[in-house]
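Here is how the chains run, residue by residue.
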Amino acid sequence: MKRLFFIIAALFMILQVAPAFAQQQNPDEEKSPEELAIEMAESLEKDLKLDATQMFLVDSIFRHNYVAMVDDINNMRKMGVQDPRNYKAVSDQWTEKNLAALKKVLREQQYIRYLKMIGKGKEYKKDKDGNYVLKKKKKS
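Residues numbered from 1 in each chain as written. Predicted model: local features only at pLDDT ≥ 70, side-chain atom pairs only at ≥ 80, totals over all residues. Heavy atoms only, no water.

J.: Hey, could you run me through the overall build of the chain in this one?
T.: Looking only at helices and strands, the chain features five helices and two strands. Mapped in sequence order, the helices and strands of the chain form the string α-α-α-α-α-β-β. Burial status across the chain gives 31% buried among its 140 residues. Excluding contacts between residues fewer than 6 apart, the proportion of contacts in the chain whose partners are at least 24 apart in sequence is 54%. For the chain, the accessible surface area stands at approximately 9900 Å², while carbon and sulfur atoms represent 57% of it. (Helix = DSSP H or I, 4+ residues; strand = E, 2+ residues; numbered from the N terminus. Buried < 20%, exposed > 50% of the residue type's maximum accessible area, 1.4 Å probe, protein only. Contact = heavy atoms within 4.5 Å. Areas by Shrake-Rupley, 256 points an atom, 1.4 Å probe, with all protein chains shown as cover.)

J.: Even after reading the chapter, I still don't get the nonpolar core, so can you show me in this structure?
T.: In terms of nonpolar packing, the biggest core is built from 29 residues, with Leu44, Leu50, Val58, Phe62, Leu102, Leu106 and Tyr114 touching the most fellow members. Contributions of two or more residues to this core are made by helix H2 (33-48), helix H3 (52-78), helix H4 (84-105) and helix H5 (108-117). Take this core: its biggest share by element is ten residues, from H3. Contacts of leucine 102, omitting those with residues within four sequence positions, involve Val58, Ile61, Phe62, Tyr111 and Tyr114. (Core = buried A, V, L, I, M, F, W, Y, C linked by side-chain atoms within 4.5 Å.)

J.: Can you walk me through the packing of H3 against H4 in this structure?
T.: Each pair of packed helices can be summarised by the angle the axes make with each other and by the distance between the axes. As a packed pair, H3 and H4 sit with axes 10 Å apart at the nearest point and diverge in direction by 165 degrees. Relative to H4, the element H3 is oriented roughly antiparallel. For the element pair H3 and H4, the recorded crossing hand is right-handed. Facing Gln54, Leu57, Val58, Ile61, Phe62, Asn65, Ala68, Met69, Asp72, Ile73, Met76 and Arg77 of H3, the residues of H4 in contact are Asn86, Tyr87, Val90, Ser91, Trp94, Lys97, Asn98, Ala101, Leu102 and Val105. A per-class count over the contact of H3 with H4 returns 14 nonpolar, five polar and three charged. (Axes fitted to C-alpha atoms, helices over the stretch in contact; angles between N-to-C directions. Parallel < 35°, antiparallel > 145°, perpendicular 65-115°, else oblique. Left-handed = near helix turned anticlockwise from the far one by under 90°. Nonpolar A, V, L, I, M, F, W, Y, C, P; charged D, E, K, R; others polar.)

Listed below in structure tokens is the structure:
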């Protein structure tokens, strides 16, 4: 939960600070949502050891969803929405869409590792072989 909150907070901060920062910097240095999505996909390629087909699909998913999320957030800003809960709701909505799409693309162990990376895989642990398995529930 802490990682997810950190990711959402960082994304929110980037979206808030980027326009002001871009005014001070050369506009060519500002990264577009597509570029950020590419970086995220490349990071997952290394961390999850994606094959070429998976990389193509993950890149496509992130490009589409990240651009759409940024559009949603920009539309909210234009409408004057100020409540951070609304921005979190939009971010959560796009996170769920990413998870649903990635579940279809990634192998089970890759998907669980991705869940762990974003702070959502708390119900899994590594076994002695290094594979993720569901934690056993303690009997009360």
